[in-house]
Amino acid sequence: QVQLVESGGGLVQAGGSLRLSCAASGRTFSSKGMGWFRQAPGKEREIVAAIPWNGGATYYADSVKGRFAISRDNAKNTMYLQMNSLKPEDTAVYYCATTRLSYVGVRTTEDFYDYWGQGTQVTVSS
């Protein structure tokens, strides 16, 4: 199976920035769709952003559009989430995930994602 490890989370003040990284093992990373999800305490996990394997159009949740940017470096088997203008409501555990199959476009629901990292905590203070 694909193994994913998130890093880059931490404590930041409102208005600050963080960049999350997701390192993947194996040689199949480049052919998978990738997504970032987050889960706040007491809330359901939600999609944050997604990027297809072939560099097609990306997806962003309305709550982060214009502030976050997703990218991937297939040569390094790594995905990134640049988070700017952070707000307290962005506080959550952030997870990276890959789809089992390759798709032309992005997938934005959890049922398409088979491999998940352990998550990294992001806390934004007011």
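Just above sits the structure.
Computed from a predicted model, the values in this text were never measured in an experiment.

Novice: Would you mind showing me how to read the packing of aromatic side chains here?
Specialist: How two aromatic rings sit relative to each other is given by the distance of their centres and the angle of their planes. Applying the stated criterion across every chain yields a total of 4 aromatic pairs. Seen from their ring centres, F37 and Y113 are 5.1 Å apart, and the 80° between their planes marks the pair as edge-to-face. On the criterion of sequence distance, the pair formed by F37 in strand β4 (residues 34-39) and Y113 in strand β10 (residues 113-116) is long-range, its members being 76 residues apart. Judged by its relative accessible area of 5%, Y113 is buried. Linked through ring pairs, F37, Y113 and W116 together constitute an aromatic cluster. Here R45 stacks its cationic end above the ring of W116, 3.8 Å away from the centre of that ring. When the ring centre of F112 is taken as reference, the NZ or CZ atom of R107 above it lies at 5.3 Å.

Novice: Explain the sheet that holds strand β7 (residues 68-73) to me, please; I cannot follow it from the model alone.
Specialist: Strands pair in a sheet through their backbones, by hydrogen bonds, and they do so in one of two ways: parallel or antiparallel. Strand order in the open sheet formed by 4 strands is β1-β3-β8-β7, with antiparallel pairing between adjacent strands. At either margin of the open sheet sits one strand with a lone partner, and together these are β1 (4-7) and β7. Direction aside, neighbouring strands of the sheet carry axes that sit 15° apart on average. Bridging between strand β3 (residues 18-24) and strand β8 (residues 78-83) involves 6 bridges; their strand directions are antiparallel. Looking at the pairing, A23 lines up with T78 of β8.

Novice: So what exactly am I meant to see when it comes to the environment of D73 here?
Specialist: In this structure, D73 sits in strand β7. On the basis of relative accessible area, D73 is assigned to the partly exposed category, the value being 25%. As for D73 and S63, which are separated by 10 residues in sequence, their C-alpha atoms are 25 Å apart.

Novice: Looking at this structure, I do not really get empty space enclosed by the protein. What am I missing?
Specialist: Once rolled over the atoms, a probe with the size of a water molecule shows which space is left empty. In this structure the tally under the stated criterion is 1 cavity of 30 Å³ or more. In this structure, the largest cavity spans a volume of roughly 50 Å³. Along the walls of the largest cavity sit 13 residues, with G33, T99, G105, V106 and R107 positioned nearest its centre. Per-class residue counts for the lining of the largest cavity are 8 nonpolar, 4 polar and 1 charged.

About the criteria used
Sequence order sets the numbering: in each chain, residues are counted from 1 along the sequence as written. Whole-chain, interface and lining totals are the exception, using all residues; otherwise, since this is a predicted model, local features are given only for residues with pLDDT of at least 70 and side-chain atom pairs are given and counted only at 80 or more. Computation of side-chain values: all heavy atoms of the structure, hydrogens and water removed. Side-chain rings of Phe, Tyr and Trp, where Trp is taken by its six-membered ring, are said to pair if the distance between their centres is within 6.5 Å; with planes under 30 degrees apart they count as stacked, over 60 as edge-to-face, and otherwise as tilted. Segments assigned H or I by DSSP are reported as helices when at least four residues long, segments assigned E as strands when at least two residues long, and all are numbered from the N terminus. Whether a residue is buried, partly exposed or exposed follows from its accessible area with a 1.4 Å probe, protein chains only, as a fraction of its type maximum: under 20%, in between, or over 50%, in that order. Whether a charge lies above a ring is judged from NZ of Lys or CZ of Arg, which has to be within 6 Å of the ring centre and within 35 degrees of the ring normal. By definition, two strands form a pair when at least two bridges between them are found by DSSP. Only the stretch in contact is used when a helix axis is fitted, and all axes are lines through C-alpha atoms; the angle between N-to-C directions ranges over 0 to 180 degrees. Put plainly, a pocket is an open set of points on a 1 Å grid over the protein atoms alone with protein on both sides within 12 Å along at least five of seven lines, a cavity is a set where a 1.4 Å probe fits but cannot get out, and a lining residue has an atom within 4 Å of a point. Grid points are joined across faces, edges and corners, and a volume is the space filled by probe spheres set on the points. Residue polarity follows a fixed list, in which Ala, Val, Leu, Ile, Met, Phe, Trp, Tyr, Cys and Pro are nonpolar, Asp, Glu, Lys and Arg are charged, and the others, Gly among them, are polar.

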